[in-house]
Amino acid sequence: MGGAGNISLRPHCLCCRWYCGFWWCCNAEDDHLAWYPFRSSKSTFSAEESESATGKGSTDSRTSIMATETTSSCTGSNLLQPISEIINLPLDQVNFVVCQLFALLTALWFRLYLHPSKASPFIRHVVATLLGFYLALFCFGWYALHFLVQSGLTYSIMVFAGLEHMHKLCFIVALGYLSFCQITRVYVFDYGMYSADFTGPMMVITQKITSLAFEIHDGLARKEEQLTPSQRCLAVRKMPSLLEYLSYNCNFMGILAGPTCSYNDYTAFIEGTAYQPRHLEANGTENGKHKHTEPSPKNNVISKLCTCAISLAVFLSVSKIFPVERSIDDKFMASTPFILQVLYLYLSMLATRPKYYFIWTLSDAINNAAGFGFNGYNKDGTPRWDLISNLRILDIEFATSFKMFLDNWNIQTALWLKRVCYERCPINPTAATFLLSAMWHGVYPGYYLTFLTGIGMTMAARTLRHNIKPYFLGSTTHKSVYDVITWAGTQVAICYTVVPFVLLAVGPSLKFYRSWYYCIHIACLLLVLALPVKPWHLRAKEEQPQENSLQGGLTGDHNSHSITDNNCNQKHKAT
C-alpha cells in the first residue's frame, strides 16, 4: 500500500459507549480506506504492519494487538486485565460490561434490601450515589472527576443565580463543558484512543442537568397557565438538595449508559411513591376492592436480558460480515450494481443496530431490577416497565415513516430534545433541535452532516406524508401497499442519512454521497419546494387538542412519544 509509512489516524466512534476498538485510517495519498488496531495517534505504521493488518486471516492478530495495546490507554482499573487478555477485548470495554453486570446484581439487592419500606430516602440517595461514583472511578479513573465538576458548576448556578435566567445559564454551562471535554479528548490530548469514552456518561448527565434546570424554572418561575400539560406534570416545585441532585445525576443505575429520566420520576422511585395508585380509599384499599400490591419487574428484566443476549450474539456474528466502510470501497462501487449497493447498505446498517439494542436494553433492565421504570398497567392488567425505555425494536425495524423511526430510537434523548428545545424554540424548532442534537453528540464532522441531512429528510417526509397518504386510506389493500412502500423508503432514507454518523470524517462521507449522486438530498429538496406543507405553528395548534386528550390515563399504544411524555410522574398516573 503506497505511503503506508505516513498515515493519519482518527478514532472511529460508534457513539454507544461500547466501541469496536479500532481506528479509522485514511491514507491521504491514495484515498485507501482500511481498519487498523488501536494505536496512539502520534504513531505510524510500517508497510509490513499495514499489509499484515489488512491481509486475510489477520483477525486474530488484530484482536490480540487491540487487547494488548489499549491497556495503557485505559485510565480505569487494571483489576480485570487478565480477563481482557484471555478474551482478547480491550480492558476499558471489559470494565464497562463487568460494571454493568455488577450494577444489575446491585440493583436486585437495592430493591430487596433498601426498599422504601426498609430504608429512608436519605439512605437510598446516599447508597445510589456512592455506588455510582465507584463504578465511574472503576471505569474511567480520575476522568470521573469531570462528572463532579460539571454537576457542581451547574448546581451552583441553580442555587445562586436568579430563577429567571438560571435554566439558560445551566444549559450553556452544561453543554459548553461537555463540548470542551469532547474537543480536548478528540483534537487536543488524543483521548480518542480511549474506546470507553468518558464523555459518554457526561452526555447523559448533561441531559439531566438541563432537563432539571428547565423543570425548576417551570415550577418556580412560571405561572401554571403558561405551561403545557407535559411541562406542568414535569415541573419541580422545590429546589433539590445537593445529595438529591448528585443522586439524580450520578446514581449507579444510569451513570455509565443512562438513560435520562425526569427528576420527578426519579424522586418518586427513591421515596417509594412510584407505585401508589391514584384512587385510594381511606381504609387503604384501591377503589374499595383490593389492597394495592407492588408489581414485580422480574419477568420484564428476564425478557430484556434475553433481548440483550440475542442482540449481542447477532452483532458479534453479523457486523463483521457487513462493514459499512465497504460501501465506499472503489472496487465494490465499480463492480456492484446500484440496487445491490442499496441492499448492502441496508444490511450493513441493520447489522450495526444490535449493539445499541444491547447497551440500551441492558441499562433499562438494570433500572427495572432496582424497581425504577414502572409505567402503569396494560389493558390486560400486566405491569408496564417502559417508563425510561430507550427503544422499541420492532417499531424501529418496521417503521413506515422517518418520524416513526425517530420516535422509537433513543427515546429518552428525543424526549429531552423535545422538552428543552423543540417546545421552547420560537424560530424554526426543527432545525434548532437537529443542531442541538449534533452538538450534544460530539465534534466529529460526520455528526453534523447526518443531522443537517436529517433536517431535509424530516421536512420532505412530513410534506410527502401530508400530501400523499390520504390517497391510500380508501381500502385495506391500498393501505398495505402504502405501508410496504413507505417501509422500504424509510429504511433507505435512514441508512442514507446516518452513513456520515458512522464514518465520522467529511471525506469518506462525501465520497459516499457522491457515489449516490446526492440523489436523496435532491429528491428531498424537490419535494419540499414542489408540494405544499402546513407551517409548523399551525400543525402545533392542530396537535394540541390531541395531546390534551392523552392526559389523565394510560393506553396500550407504544408508538407515540406523547404517551411516555404525558405520563411522566408516577404520582399522578391512573393505574
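Everything in this summary refers to the structure shown in the same document. Just so it is clear, the model here is predicted, and its values are computed rather than measured.

Attention now moves to the overall build of the protein. From N to C terminus, the protein includes 24 helices and 5 strands. The buried share of the protein, taken over its 575 residues, is 54%. Long-range pairs, those at least 24 residues apart, make up 68% of the contacts in the protein with a sequence separation of at least 6. Carbon together with sulfur atoms contributes 65% to the accessible area of the protein, which is approximately 25100 Å² in total.

With that settled, the discussion passes to the nonpolar core. Counting 114 residues, the largest nonpolar core has Met158, Phe252 and Tyr266 as the members making the most contacts within it. Of all the elements, helix H14 (residues 338-369) adds the most residues to this core, at 13 residues. Not counting residues up to four positions away in its chain, the partners in contact with tyrosine 266 are His125, Ala128, Ser247, Tyr248, Asn251, Met253, Cys261 and Phe372.

The next subject is the side chain of threonine 450. Summarising the element assignment, threonine 450 is placed in helix H19 (residues 445-468). Exposure remark for threonine 450: the relative accessible area of 4% places this residue in the buried category. Look past the residues within four positions of threonine 450 in its chain and what remains in contact with it is Thr497, Val498, Pro500 and Phe501.

This structure, assessed with the given rule, holds 10 salt bridges. For arginine 222, the salt bridge identified is with aspartate 218, shortest N-O distance 2.9 Å. The exposure class assigned to aspartate 218 is buried, which follows from its relative accessible area of 2%. In this structure, aspartate 330 engages lysine 511 in a salt bridge whose closest nitrogen and oxygen atoms are separated by 2.9 Å. In this pair, aspartate 330 sits in helix H13 (residues 330-335) while lysine 511 sits in helix H21 (residues 506-515), placing the two residues 181 residues apart along the sequence. When its relative accessible area of 10% is taken as the criterion, lysine 511 is described as buried. Salt bridges sharing partners connect three or more residues here, namely Asp218, Arg222 and Arg424.

The rules we used
- Residues numbered from 1 in each chain as written.
- Predicted model: local features only at pLDDT ≥ 70, side-chain atom pairs only at ≥ 80, totals over all residues.
- Heavy atoms only, no water.
- Helix = DSSP H or I, 4+ residues; strand = E, 2+ residues; numbered from the N terminus.
- Buried < 20%, exposed > 50% of the residue type's maximum accessible area, 1.4 Å probe, protein only.
- Contact = heavy atoms within 4.5 Å.
- Areas by Shrake-Rupley, 256 points an atom, 1.4 Å probe, with all protein chains shown as cover.
- Core = buried A, V, L, I, M, F, W, Y, C linked by side-chain atoms within 4.5 Å.
- Salt bridge = Lys/Arg side-chain N within 4 Å of Asp/Glu carboxyl O.

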